[in-house]
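Listed below are the residues making up each chain.
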Amino acid sequence: MKKKDKMTPFIILMLIPGVGFIVFFIGSSISITVLQSLGFFNMMGESGFTLGYWKSILSSREAIDSLLFSLRMGILSSVGTVLVAFPLALFFRKSGPAKGMLGSIIKVPLFIPALVAAFLILNLISYHGLINTTLMRLNIIDEPLRMLNDSFGWGVITIQIWKNLPFVLLILMSAISSIRDDTIDAARNLGAGYWSVLFRIYIPLAMPGILVAMILMFIKAFGDFPITSVAGPVYPSSVANRMQIMANLYQEWNQAAVLGVIIIITTFFVIWAYSRFAELVQGGA
Amino acid sequence: MATLKLTNLVKHFDDVVAVDHIDLEVADGEFVTLLGPSGCGKTTTLRTIAGFYYPDEGEVYFGDRIMNNIPPNKRDTAMCFQSYALFPHMSVWDNISFGLKMRKMPASEQKIKIERVMEMLSLSELGKRKPGQLSGGQQQRVALARSIVTEPEVLLFDEPLSNLDAKLRVQVRVEIREMQKRLGITAIYVTHDQDEALAISDRIVIMEQGRIEQIGDPYTIYRHPETQFVAGFIGLANIFDGVVLEVEGTRCTVQAPFGNVLINAEGQEVPHKGATIHFSWRPEDMKIRDRTSKNQITGNVLQAVFMGDITDLFIEVNGYKMRAQSDDEAKIVAGDSVSFGIAEHAFSILRE
Amino acid sequence: MDKTMAMPLYLIKKRRIKRFYLMITLFFVIIQLLWVGIPIFMAIMWSLVNPDDAWSYPNLIPPSFSLEQWRYVFNYTNIARALKTSYSIAPLAVILSFLLSLPTSYVLGRKDIPGKKVFMLVVLLPMIMPGMVVALFLSRVFNLMGLSQTFLGLVLAHTLMSMPYMIRVMTTSFASIPQDVIDAAENLGAGTFVKIKDIFLPMIRPGLIAGMIFAFTTSIEEFNLTFIIGTPTFETIPTILYSFMGYNFIRTNASVVSLLMMTPNIIMLFIVERFLKSDYLSASLGKM
Ligand SMILES: Nc1ncnc2c1ncn2[C@@H]1O[C@H](COP(=O)(O)OP(=O)(O)OP(=O)(O)O)[C@@H](O)[C@H]1O
Ligand SMILES: [Mg+2]
């Protein structure tokens, strides 16, 4: 057995610059969000406990629409990216000719900033973008399709998938690479066809990785600001957008804080649900 | 159940010839062991039978069906992997039932079969556990249960016991053998532990560099190795060259470097007079102070190593080293000069 | 010709299979080139449009090229200043986050302290927390501390955002030093200084480089915090790009800025790919 190290003053001192720095800034901003959502700590005007800001946000049609929209973006982006990435991850399981190069190309969007990604895809899917132009020249459509700033949010989802595919792919690849060849062979040997191997071996064994990928993707897409504000519909805006407008444009900091708390709670709830679910999936092992 | 036949089987990996023109026939219900040093192609042969590799040349037959184009999941084999390859996310029960589910067996029937197998391998208490919560021996038995529960035509074992300690290994191999006999399943067993091979096989196939060196029952393999490789690989052997001076029926007088020996080649290929041959005998064939045997040898004991039941002797005869054995009674120590008798039937004449 | 005649059947079969796999891979490569290449290609096209010769439907590429757009962006927008701001914040944020992360990474990588898992999660917070929430309410904190709209404030904010990557990657590389090596060094009489200089530093160097690259790109890309805390006093490349993509969408300007922003990043990607094990990539990105 490896011995446990004690929390000596020296170790605490070593942790302060890193952990302390993060805890101080993140902690203080979370605290202010929570306090302001309850009416405390106002920079100007009087402070005092009230649930009024929560009431007004929860009864606001616009806020609820934004919330639902962001939830939809979070869920669809994360499901969509995993659906595209999983077959690719399976393909990359075995090394083969030219796969190294392919791997590098796939990772390019990982290093392209979100806003740039939004711009790149926007060139393709905008009203007079490449896709519409091409489709019209091929006489497949008569009218350009509305893929950007559409009210459902397909534009946002497309950009999210494009930008985050490599990131999700990396997570899934590391999950799949830990599945031993023997395990697959054993299943085949016991009579499992390709689909059985996929659904009974690959997917359950990669489940922890799939969950992590989906959670991280959800959090990114749910709390996103720039992509939605560029490619999202005119109405509703994302929660992050609405919150920013509330705070900076209308100076309604308390109501913005309520939205902030809702975003934080959703994020933490999703992570908590993930950890519970991951335990279930892995059993007591 | 079925017979198994490999004809002229070849498998390359790039420029490595892993399996090199193998012919083998295994009878229904027979237990055949592939034995050989690391890298000689045992696993490759087994995996070709299971269908994970497509042979470059030759055929795999189950009964009289050619199996080459049948994918692994359509072949009725069950393989017990060296690593066990249990499904880590499934309980013991689900692991064992996997093959039956794939065969779409009704749940009630599955239950009966699984319970019977689990009983047989004393796994009944462990059904709900995950593989990660089992000891090595228990995992091994689950792997075994998972492969036999489907009652396959052919059982394939790839060094299934190599991860167990010595005592458990003996116990489980007895279990494997009993079960295989009871169910009458044809079995191919891979190992590089010769004791294991000798103990449980109907026949042993000795492999070296992708080729078969010798096929025979354990007694023949041990007593009458046909090649230098087999003689050296199985047990301990003294191996020498000699020139045949005279042949009389099956009895030959051979001039060996350390002196002349009389070899009775009964049941073996009798060499011609004047031929140069290789021959071998076992250390235990050198009987201490045995005056009755035809061959008499006297040597100096260089080293005597106490092994418990016997003592290993390293002796020197006319400047040539060889090995012998003695029991406690003889009380031989280094430096003694000892005479040995070797029976004329004790020798094996070897091919290259 | 002779050769194929003499070739055994299995070799011919094997070649065929190999060719088949190559075709599949090629297919994927082409799809991927389209998937990644076309968007980038389009951006390049837009940045080279000649303003006197408009590019419009139904042309698939511009009728003529010029560098006019690049000249315009550099002469009439704040891009030069934004570049300077971006590239002066990033190195400072990298150095600061390295200095702050080093001791913590050492402890998290080499000591088995109680609550280690919690610390590892806390360290990820800036990455996990929704950026706009942190940005808005950190700006309140910064207001109180007088850091809003200051250069120092931006450096601190960027440091905060790059620390998760730095700490994760360096923790991984500290943890991957085998204890045997350290024991052996001590056994040979190495003191603390020698241990740091000859054992730790060389062995964490790959992780350190990876961490710095990730921290650097994080800083260059950082949008939310800069937008809230820095504008309008400071503009970085992302905020300027955002302004080009806002109400007055100017596609040609945006494509020039996009290219300026992603070229160094893609070059870094290939550096990371070439010189570093992909472990670092996944260590910094995933697996909570
Ligand atoms: N997938 C593979 N790719 C390339 N070469 C292989 C592969 N599998 C086996 N080989 C080579 O083929 C030869 C035979 O390997 P094989 O695994 O059949 O040996 P083995 O008898 O099972 O050895 P061991 O006792 O070590 O398990 C070896 O030289 C090995 O390196
Ligand atoms: Mg093997």
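Just so we're clear, the structure is a prediction, and the values are computed from it rather than from any experiment. (Residues numbered from 1 in each chain as written. Chains lettered and ligands numbered in written order. Predicted model: local features only at pLDDT ≥ 70, side-chain atom pairs only at ≥ 80, totals over all residues. Heavy atoms only, no water.)

Overview of a positive patch on the surface
Logical step 1: A cluster of basic side chains, namely Lys13, Arg15, Arg16, Lys18 and Arg19 of chain C, defines a positive patch on the protein surface.
Logical step 2: Following the sequence through the fold, Lys18 of chain C ends up in helix 2 (residues 9–47). (Patch = residues over 30% accessible without salt bridge, like charges linked within 9 Å, V, L, I, M, F, W, Y side chains within 5 Å. Areas by Shrake-Rupley, 256 points an atom, 1.4 Å probe, with all protein chains shown as cover. Salt bridge = Lys/Arg side-chain N within 4 Å of Asp/Glu carboxyl O. Lys, Arg positive; Asp, Glu negative; His and termini not counted. Charge placed at Lys NZ, Arg CZ, Asp CG, Glu CD. Helix = DSSP H or I, 4+ residues; strand = E, 2+ residues; numbered from the N terminus.)

Concerning the interface of chain A and chain C
Logical step 1: Counting residues at the interface gives 88 residues for chain A and 85 residues for chain C.
Logical step 2: Surface buried jointly by chain A and chain C totals about 8,000 Å² across both partners, of which 82% is contributed by carbon and sulfur atoms.
Logical step 3: In this assembly, chain A and chain C are joined by 0 salt bridges.
Logical step 4: Taken together, the connections running from chain A to chain C amount to 8 residue pairs in polar contact (both at pLDDT 80 or more).
Logical step 5: For the side of chain A that touches chain C, a count of residues per class yields 63 nonpolar, 17 polar and 8 charged. (Contact = heavy atoms within 4.5 Å. Buried area = accessible area lost by both parts, 1.4 Å probe. Polar contact = N/O pair within 3.5 Å; in protein donor to acceptor, adjacent residues only side chain to side chain. Nonpolar A, V, L, I, M, F, W, Y, C, P; charged D, E, K, R; others polar.)

Focus: the confidence of the model for chain C
Logical step 1: When pLDDT is averaged along chain C, the result is 82; 89% of the residues meet or exceed 70.
Logical step 2: Interface scoring of the predicted complex returns ipTM 0.84; its pTM is 0.82. (pLDDT = per-residue confidence, 0-100.)

Quick word on helix 8 (residues 181–189) of chain A
Logical step 1: Summarising burial for helix 8 of chain A: 8 of the 9 residues are buried, a large majority.
Logical step 2: If you check which residues of helix 8 of chain A are buried, you get Asp182, Thr183, Ile184, Asp185, Ala186, Ala187, Arg188 and Asn189 of chain A.
Logical step 3: Check the buried side of helix 8 of chain A and you find it contacts helix 9 (194–222) of chain A together with helix 1 (42–50), strand 6 (77–80), helix 2 (92–102) and helix 4 (136–148) of chain B.
Logical step 4: Downstream of helix 8 of chain A by one or two residues, Gly191 of chain A has phi in the positive range, about 105°. (Buried < 20%, exposed > 50% of the residue type's maximum accessible area, 1.4 Å probe, protein only.)

Some points on unusual backbone geometry
Logical step 1: For the peptide bond that leads from Tyr235 of chain A to Pro236 of chain A, omega is -5°, which places it in the cis range.
Logical step 2: Looking at the element boundaries, Pro236 of chain A is found in the loop between helix 10 (226–231) and helix 11 (239–249).
Logical step 3: Going from Thr231 of chain C to Pro232 of chain C, the amide bond is cis rather than trans, its omega being 5°.
Logical step 4: Unlike most non-glycine residues, Ala85 of chain B shows phi in positive territory, near 50°.
Logical step 5: Within the element layout of this structure, Ala85 of chain B appears in the loop between strand 6 and helix 2.
Logical step 6: Take Ala85 of chain B: its relative accessible area is 5%, and that puts it in the buried class.
Logical step 7: At Arg289 of chain B, a residue that is not glycine, the phi angle is positive and equals roughly 50°.
Logical step 8: Relative to the elements of secondary structure, Arg289 of chain B occurs in the loop between strand 15 (287–288) and strand 16 (295–306).

A word on the site of ligand 1
Residues and elements named next belong to chain B.
Logical step 1: Near ligand 1 you find 13 residues, and of these Ser38, Gly39, Lys42, Thr43 and Thr44 are the closest.
Logical step 2: One nitrogen or oxygen atom from the side chain of Ser38 is found 2.4 Å from an oxygen atom belonging to ligand 1.
Logical step 3: In this structure, an oxygen atom belonging to ligand 1 sits 3.5 Å away from a side-chain N or O atom of His192.
Logical step 4: In isolation ligand 1 offers 620 Å² of accessible surface; the protein chains occlude 63% of this area.
Logical step 5: Counting residues per element, the ones that place at least two in the shell around ligand 1 are strand 2 (16–26) and helix 1.
Logical step 6: A per-element tally of the shell around ligand 1 places helix 1 first, with 3 residues. (Near = heavy atom within 4 Å.)

As for the sheet that holds strand 15 of chain B
Residues and elements named next belong to chain B.
Logical step 1: One open sheet holds the 5 strands; their spatial order is 15-19-16-17-18, and the pairing between them is antiparallel. Single-partner strands in this sheet number two, and they are strand 15 and strand 18 (320–326).
Logical step 2: In terms of strand pairing, strand 16 meets strand 17 (residues 311–317) through 6 bridges, oriented antiparallel. Paired with Gln303 across the strands is Phe314, a residue of strand 17. (Pairing = 2+ DSSP bridges.)

Digging into the packing of helix 1 (residues 9–37) of chain A against helix 5 (residues 116–128) of chain C
Pairs of packed helices are described in terms of their axes, by the angle between the two and the distance that separates them.
Logical step 1: Orientation of helix 1 of chain A relative to helix 5 of chain C, taken along the N-to-C sense of each, is 55°, at an axis distance of 9 Å. It follows that helix 1 of chain A is oblique to helix 5 of chain C by the angle criterion. Once helix 1 of chain A is placed against helix 5 of chain C, the crossing between them reads as left-handed. Across the interface between the two elements, Leu15, Val19, Ile22, Val23 and Ile26 of chain A from helix 1 of chain A touch Phe119, Val122, Val123, Leu125 and Pro126 of chain C from helix 5 of chain C.
Logical step 2: Tallied by class, residues from the contact of helix 1 of chain A with helix 5 of chain C come to 10 nonpolar, no polar and no charged. (Axes fitted to C-alpha atoms, helices over the stretch in contact; angles between N-to-C directions. Parallel < 35°, antiparallel > 145°, perpendicular 65-115°, else oblique. Left-handed = near helix turned anticlockwise from the far one by under 90°.)

Remarks on the sheet that holds strand 7 (residues 154–158) of chain B
The strands making up a sheet associate through hydrogen bonds between their backbones, and the pairing can be parallel or antiparallel.
Residues and elements named next belong to chain B.
Logical step 1: Spatially, 6-7-8-3-9-10 is the arrangement adopted by the 6 strands of the open sheet, whose pairing is mixed. Here the strands that pair on one side only, and so sit at the sheet edges, are strand 6 and strand 10 (211–216). The mean inter-strand angle of the sheet, taken between neighbouring strand axes irrespective of direction, is 20°.
Logical step 2: For strand 6 and strand 7, the ladder comprises 4 bridges, and the chain directions are parallel. The partner of Cys80 across the bridge, within strand 7, is Phe157.

Comments concerning the packing of aromatic side chains
Logical step 1: Inspection of every chain in the model, using the stated rule, returns 34 aromatic pairs over all chains.
Logical step 2: Each ring, one from Phe31 of chain B and one from Tyr189 of chain B, has its centre 5.5 Å from the other, and the planes form 35°; the classification is tilted. Taken together, the residues span a long stretch of sequence, with Phe31 of chain B in strand 3 (residues 31–35) and Tyr189 of chain B in strand 8 (residues 186–191) at a distance of 158 residues.
Logical step 3: Owing to a relative accessible area of 0%, Tyr189 of chain B belongs among the buried residues under this scheme.
Logical step 4: For the ring pair Tyr87 of chain C and Phe216 of chain C, a centre distance of 6.0 Å and an interplane angle of 50° mean the geometry is tilted. Remark: Phe216 of chain C occurs in helix 9 (residues 192–221) and Tyr87 of chain C occurs in helix 4 (residues 79–110); sequence separation between them is 129 residues.
Logical step 5: Given the relative accessible area of 17%, Phe216 of chain C is considered buried.
Logical step 6: Within the aromatic cluster, the residues linked to one another by ring pairs are Phe240, Phe258, Phe279, Trp281, Tyr320 and Phe347 of chain B.
Logical step 7: For the cation-ring pair, Lys5 of chain B lies above Tyr61 of chain B, with the distance from its terminal atom to the ring centre recorded as 4.7 Å.
Logical step 8: Across the ring face of Trp46 of chain C, the terminal group of Arg251 of chain C is positioned such that the distance to the ring centre comes to 4.8 Å. (Phe/Tyr/Trp six-rings, centres within 6.5 Å; stacked < 30°, edge-to-face > 60°. Lys NZ or Arg CZ within 6 Å of the ring centre and 35° of its normal.)

Focus: the packing of helix 5 (residues 114–125) of chain A against helix 7 (residues 154–177) of chain A
Residues and elements named next belong to chain A.
Logical step 1: In contact at an axis separation of 9 Å, helix 5 and helix 7 are set at 125° when each is read in the N-to-C sense. Between helix 5 and helix 7, the interaxial angle falls into the category oblique. Crossing angle aside, the handedness with which helix 5 passes helix 7 is right-handed. In this structure, helix 5 uses Ala114, Ala117, Ala118, Leu120, Ile121 and Ile125 to contact helix 7, whose residues at the interface are Gly155, Thr158, Ile159, Trp162 and Lys163.

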